[in-house]
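So the chains spell out like this:
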Amino acid sequence: MKIDSKYLIAVAILACCWGCGENNKKVYDASAIQELDKLTETIGNLTSCSFTLNSQLVSSDGTSDRQSDVYFGGENKMYIFSDRNDIRRGFWYDGSKLSVFDFDNKGYDEVNAPRTIMETIDSVHNRYGIDFPAADFFYPTFTDDLMAQFDAIVLNGSKAIDGADCHEIFASNKNLEVFIYIDKSTKLPKQFEIYHLDEKKGNSFVATFSNWKENPNLSANMFKFSPPSNATKSSIFK
Amino acid sequence: MKNFKSIYLILILIGAFSASDLIAQRMRHAPAGRGGGGGHAVNRSSINGGANRAATRPKTTTPSRNSVTPKTQNRDLSGSKAKVANKKPSVSNKKTEISNNSKKTNISGNKVNIDNSKNVNVNVNRNVHVNNRHSNIYYNGHRGYHPYYYHPYRPYAYGPYWHPFGFFVATMATTAVMVSIANSHYYYDQGVYYTQVSGGYNVVPPPVNITVNELPKEQESVTLNDETYYYYGGAFYVKDDKGFTVVEAPDGAVVTHLPEGAEEVEIDGEKYMVLNDTYYQPLLQDGQDMYQVVAMESSN
């Protein structure tokens, strides 16, 4: 019996879609989404903030530790001091220009930057592959972004992180599992953990927030950079 | 055939968007600045324009506990957290790393500095080290001291009326006024304090708690954690109705200039300036060479 090849392909596609649908059944826990919305709203209400982020990335290349002190002033000012495996860099964004200074090699670089912090983070990430610490949390669409990318988001209960009583939210898709801890009292992120399930299985990223300051008075000067006399222009943004 | 092409296109798109690589800032987001939801009013004072929620969302449920269980095994929470939480570099670790860099880049600079500056002596291995507690203190919103950044000491020239501690003058300027505290009398002239000695006057460090009417125009206003200090010639003052009163150097204060008379000391491979028993760490702020008051403690 001769079977029409088009018929076979169509059946195969349908079977595939059905299978995918079964495996990717989406579960969005209303309580988890509510807590994520509160977090997104709390961050969206900040007019300035500062925090410290300690992170550890584990990959096949080894372990990389990073500590970042982050300062956001309004929608268009940012300063980050980052110490990654004892390589220290500063990033200054003043609303029109993003500057980076390598404290150890005394090299600096500057690029024109978009109008806001979030556009700048987006732009630098897309153009130069530079990640800003915990930037995901600061997108105004954080909850929706999570829902768009994860098949399951549930509230797993409570857990104390560094003495802070936190909601534990678990999100997963076929490639990743993410745990997000939200401080119950401040509605701000306390910790997040990312574990790979895909070909990078074994890779993980854990980051802990501390020293949150909500709406501090930050001097405009701290977001401006002018290169020191003994610094040299380098191609750090490339 | 047209339907087949549509299905094929959809499959390609699904495949493309499932290639997730989320580490830190790795999620796909609604384009920054444009927002994903309908009718989102941008809050210009917010750090991100204000929270934005999609007009329509996938259905939410109330799942039973443990309905979704993590596959990740060996999630060494306590271990990973402990490592991360303790990442805050200790001062001693930092010093090692910075010391190496200083050696690579600053040796010639130091020699030039030492040769050219008659007032600079470099002493090594003082029995003190930076007090670790600064890492848990905020200074103007910045946790801990600023990163160490060596720059050679260039004594600031305040003007002809400025003299370093120990300087001797035979006659006192007519503009000097006498100020007293605790039965000790001093002459004060344009930011400099003198005591009378045989045949003239010696410059002395500003006595703590003494009050003067005015400071020279080169004074700096230094804000530290909502307190305003006035700095001139290595001395800090607070202002009240009576004038400017000398105070101990506030821990963490950042100043632009150090006057003549400071001493460069090397502690754990890093160079600090010492003036009137106050230690100043060189740093870079906004591209400008500056100094921060740092608290030391005995190593013994």
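Residues numbered from 1 in each chain as written. Chains lettered and ligands numbered in written order. Predicted model: local features only at pLDDT ≥ 70, side-chain atom pairs only at ≥ 80, totals over all residues. Heavy atoms only, no water.

## Let's talk about the overall build of chain B
No. 1: A tally of regular secondary structure across chain B gives 3 helices and 20 strands.
No. 2: For chain B, buried positions account for 45% of its 300 residues.
No. 3: Partitioning the intrachain contacts of chain B with sequence separation of at least 6 by distance along the chain shows that 63% fall at a separation of at least 24.
No. 4: Summed over all atoms, the accessible surface of chain B reaches about 16,000 Å², with 49% contributed by carbon and sulfur. (Helix = DSSP H or I, 4+ residues; strand = E, 2+ residues; numbered from the N terminus. Buried < 20%, exposed > 50% of the residue type's maximum accessible area, 1.4 Å probe, protein only. Contact = heavy atoms within 4.5 Å. Areas by Shrake-Rupley, 256 points an atom, 1.4 Å probe, with all protein chains shown as cover.)

## A few points about the packing of helix α2 (residues 30-44) of chain A against helix α4 (residues 142-149) of chain A
Residue and element names in this part refer to chain A.
No. 1: Put simply, α2 and α4 touch, their axes get as near as 8 Å, and they point 140° apart. Between α2 and α4, the angle is such that the two are oblique. Note on element contacts: α4 touches α2 through Phe142, Thr143, Leu146 and Met147, opposite Ile33, Leu36, Asp37, Leu39 and Thr40. (Axes fitted to C-alpha atoms, helices over the stretch in contact; angles between N-to-C directions. Parallel < 35°, antiparallel > 145°, perpendicular 65-115°, else oblique.)

## Looking at the nonpolar core
No. 1: Counting residues in each nonpolar core, the largest one holds 53 residues, and the members touching the most others are Phe132, Phe137, Phe138, Ile153 and Ile180 of chain A.
No. 2: Ignoring anything within four residues of it in the chain, the contact list for Phe137 of chain A reads Leu39, Ile43, Phe142, Ile180, Pro189, Phe192 and Phe209 of chain A.
No. 3: With 39 residues, the next largest nonpolar core counts Tyr158, Trp162, Tyr280 and Val293 of chain B among its residues. (Core = buried A, V, L, I, M, F, W, Y, C linked by side-chain atoms within 4.5 Å.)

## Side note on unusual backbone geometry
The phi angle of most residues is negative, glycine excepted, and most peptide bonds adopt the trans form.
No. 1: Backbone geometry at Asn215 of chain A places phi at a positive 55°, although glycine is not the residue there.
No. 2: The residue Asn215 of chain A is located in the loop between β12 (204-214) and β13 (232-233) in this model.
No. 3: In this model, Gln190 of chain B sits at a positive phi of 50°, which is unusual for a non-glycine residue.
No. 4: Among the structural elements, Gln190 of chain B can be located in the loop between β7 (184-189) and β8 (192-197).

## Considering the sheet that holds strand β5 (residues 168-169) of chain B
Residues and elements named next belong to chain B.
No. 1: Spatially, β5-β9-β8-β7-β6 is the arrangement adopted by the 5 strands of the open sheet, whose pairing is antiparallel. The open sheet has two free edges, formed respectively by β5 and β6 (177-181), since each of these has just one partner strand.
No. 2: Bridge analysis of β6 against β7 gives 5 bridges, and the strand direction is antiparallel. Looking at β7, one finds that Met178 is bridged to Tyr187. (Pairing = 2+ DSSP bridges.)

## Quick look at the pairing of strand β6 (residues 97-102) of chain A
All names here are of chain A.
No. 1: Most of β6 sits out of view: 5 of its 6 residues are buried.
No. 2: One ladder, built from 5 bridges, connects strand β5 (residues 87-93) with β6; its direction is antiparallel. Residue pairing across strands places Phe91 opposite Val100, the latter belonging to β6.
No. 3: Hairpin connection of β5 to β6: 3 residues between the antiparallel strands, including Gly95 at a positive phi of 110°.
No. 4: Bridge count for β6 against strand β7 (residues 107-112) is 6 bridges, and the pairing is antiparallel. Pairing of Val100 across the sheet is with Asp109, part of β7.

## Details of the confidence of the model for chain B
No. 1: Residues of chain B with pLDDT of at least 70 account for 67%, and the chain-wide mean is 72.
No. 2: Considering only residues more than four positions removed or in separate chains, one finds that residues 33-38 of chain B, a stretch of pLDDT under 50, has 11 contacts. (pLDDT = per-residue confidence, 0-100.)

## As for the sheet that holds strand β14 (residues 243-247) of chain B
Residues and elements named next belong to chain B.
No. 1: Reading across from one edge, β10-β14-β13-β12-β11 is the order of the 5 strands in this open sheet, with antiparallel pairing throughout. Only two strands of the sheet have a single partner each, and these edge strands are β10 (211-212) and β11 (220-224).
No. 2: Bridging between β11 and strand β12 (residues 227-232) involves 5 bridges; their strand directions are antiparallel. Looking across to β12, one finds that Thr223 is bridged to Thr228.

## Re the side chain of Thr278 of chain B
Residue and element names in this part refer to chain B.
No. 1: Along the chain, the position of Thr278 falls in strand β18 (residues 278-285).
No. 2: Taking relative accessible area as the criterion, Thr278 reaches 14% and is therefore assigned buried.
No. 3: Among residues more than four places away in sequence, those in contact with Thr278 are Ala249, Met273 and Val293.

## Comments concerning the pattern of salt bridges
No. 1: Applying the stated criterion across every chain, the model contains 13 salt bridges over all chains.
No. 2: Of the charged contacts, one joins Glu110 of chain A and Lys97 of chain A as a salt bridge, the two residues approaching to 3.4 Å between their closest N and O atoms. Residue Glu110 of chain A is located in strand β7, and its partner Lys97 of chain A is located in strand β6; the two are separated by 13 residues in the primary sequence.
No. 3: For Glu110 of chain A, a relative accessible area of 24% gives the class partly exposed.
No. 4: Residues joined in a network through salt bridges with shared partners are Asp37 and Asp144 of chain A together with Arg53 and Arg57 of chain B. (Salt bridge = Lys/Arg side-chain N within 4 Å of Asp/Glu carboxyl O.)

## Focus on α4 of chain A
Structural remark: α-helix, 3.6 residues per turn; residues separated by three or four positions point the same way.
Residue and element names in this part refer to chain A.
No. 1: Burial runs high along α4: 7 of the 8 residues are buried.
No. 2: Turning to α4, its buried residues number three or more, namely Phe142, Thr143, Asp144, Asp145, Leu146, Met147 and Gln149.
No. 3: Tucked into the core, α4 has its buried residues touching β1 (27-28), α2, β8 (152-161) and β10 (176-183).

## Concerning the packing of aromatic side chains
Residue and element names in this part refer to chain A.
No. 1: A complete count under the given rule lists 32 aromatic pairs over all chains for this structure.
No. 2: Ring centres of Phe51 and Trp212 lie 4.7 Å apart, and the angle between their planes is 35°; this geometry places the pair in the tilted category. Of the two residues, Phe51 is situated in strand β2 (residues 48-59) and Trp212 in strand β12; the sequence distance between them amounts to 161 residues.
No. 3: The exposure class of Phe51 is buried, given its relative accessible area of 2%.
No. 4: Measuring from centroid to centroid gives 5.7 Å for Phe137 and Phe209, while their planes differ by 85°, and the two rings are edge-to-face. (Phe/Tyr/Trp six-rings, centres within 6.5 Å; stacked < 30°, edge-to-face > 60°.)

## What to know about the pairing of β18 of chain B
Residue and element names in this part refer to chain B.
No. 1: Counted residue by residue, β18 has 7 buried out of 8 residues, so it is predominantly covered.
No. 2: Across 3 bridges, the pairing between strand β17 (residues 270-275) and β18 is antiparallel. Residue pairing for β18: Val274 is matched across the bridge by Tyr279.
No. 3: Taking the residues between adjacent antiparallel strands as the criterion, β18 and strand β19 (residues 288-294) are bridged by 2 residues, where Asp286 takes a positive phi near 50°.

## Points about the environment of Phe138 of chain A
No. 1: Checked against the element boundaries, Phe138 of chain A lands in the loop between α3 (117-128) and α4.
No. 2: Sequence separation between Phe138 of chain A and Leu39 of chain A is 99 residues, and the spatial gap between their C-alpha atoms is 9.8 Å.
No. 3: Once residues lying within four places of it in the same chain are set aside, the contact partners of Phe138 of chain A are Ile43, Cys49, Phe51, Phe72, Met118 and Trp212 of chain A together with Ile47 and Asn48 of chain B.

## Digging into α3 of chain A
All names here are of chain A.
No. 1: A rise of 1.5 Å per residue sets the reference length of α3, with its 12 residues, at 16 Å; its end C-alpha atoms lie 16 Å apart and thus fit the reference within 8%.
No. 2: For α3, the set of buried residues is Ile117, Met118, Thr120, Ile121, Asp122, Ser123, Val124 and Tyr128.
No. 3: Where α3 is buried, its residues contact β3 (62-73), β4 (77-84), β5, β6 and β7.
No. 4: Of the residues trailing α3, Gly129 is marked for its positive phi of about 70°. (Expected span 1.5 Å × (residues − 1).)

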